[in-house]
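Below are the chains, spelled out letter by letter.
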Amino acid sequence: MPAPRRTKAGIPVLAAISVLLLAPLSAPAAQAAPAGHPGVSVQDECSTPSINRLQKWLASGEGTTVPPTGSLLVPEGDGYAAKIVFQNNEWHVAVVWLGNQFDAQADLSHSTGFWLTYSADDDFYVQLRPASHWSGGDKWLTRIPSTGGQLVRKFFPFDPDAWTWLPELGQPQYSFASALTEARGLVFVGKTPNSLDFRELLIDGYQPPCL
């Protein structure tokens, strides 16, 4: 695998291996958010386009994507969706800034994980990127499974056993627990053609600030 490329924000392209079970969108009460989560309703959204108050869903310019750069947010029903198409067999990057600006960070040390409502034609990956170790390939990451193009809702726990790293990119020189305390962004990456559609990214115990 070639060395990761970087954008102006220093975002490398990564992949991971971590199997998580797929849950259908129509799952009943067991799909409720973890106890104590404040939740984010449509009325809680920001005055500018956002999904669960996350305003910065960005195509990094790495790999051939549609859109090639800029915001992924498009109108969908009464709210917004974040959509991007990965083209060709090459690495692609889509970024979500958790504090809605690059220099912001969030303490997710008390969060149990995040809900993701999405559709994908193929497997892809997400990495948790801390502010102090934003650049480089040695990051904690996990796999997001294909949904066969169907919208599903799935919970991804912040359990250290559910996150891993790639030997060819190097072992992180910091703990997963420390990364949670200074989380700057979630970065979605993939190396195959894929059509991604995000409708929810709801982080347990964390409400992003609207800008």
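The rules we used
Residues numbered from 1 in each chain as written. Predicted model: local features only at pLDDT ≥ 70, side-chain atom pairs only at ≥ 80, totals over all residues. Heavy atoms only, no water. Pairing = 2+ DSSP bridges. Helix = DSSP H or I, 4+ residues; strand = E, 2+ residues; numbered from the N terminus. Phe/Tyr/Trp six-rings, centres within 6.5 Å; stacked < 30°, edge-to-face > 60°. Buried < 20%, exposed > 50% of the residue type's maximum accessible area, 1.4 Å probe, protein only. Lys NZ or Arg CZ within 6 Å of the ring centre and 35° of its normal.

Draft legend 1. Inspection of the sheet that holds strand β3 (residues 70–71) at higher detail. Across the sheet, six strands lie side by side as β3-β1-β6-β11-β8-β9; this open sheet has antiparallel pairing. Only two strands of the sheet have a single neighbouring strand rather than two, namely β3 and β9 (140–144). Relative to β3, strand β1 (residues 57–59) runs antiparallel, the two sharing two bridges. Pairing of Leu 58 across the sheet is with Ser 71, part of β3.

Draft legend 2. Quick peek at the packing of aromatic side chains. Here the structure, examined in full by the defined rule, presents 13 aromatic pairs. Here Phe 124 and Phe 188 contribute two aromatic rings whose centre-to-centre distance is 6.0 Å and whose plane-to-plane angle is 55°, an arrangement assigned as tilted. Within this pair, whereas Phe 124 is found in strand β8 (residues 124–130), its partner Phe 188 is found in strand β11 (residues 183–190), the two being separated by 64 residues in sequence. Each member of the pair, Phe 124 together with Phe 188, is buried. Centroid distance Phe 158 to Trp 163: 6.1 Å. Interplanar angle 35°. Geometry classified as tilted. The residues Phe 158 and Trp 163 share a single accessibility class, namely buried. Taken together, the aromatic side chains of Phe 114, Trp 140, Phe 156, Phe 158, Trp 163 and Phe 176 make up a single cluster linked through ring pairs. Its end group placed over the ring of Trp 134, Arg 129 keeps NZ or CZ at 4.8 Å from the ring centre.

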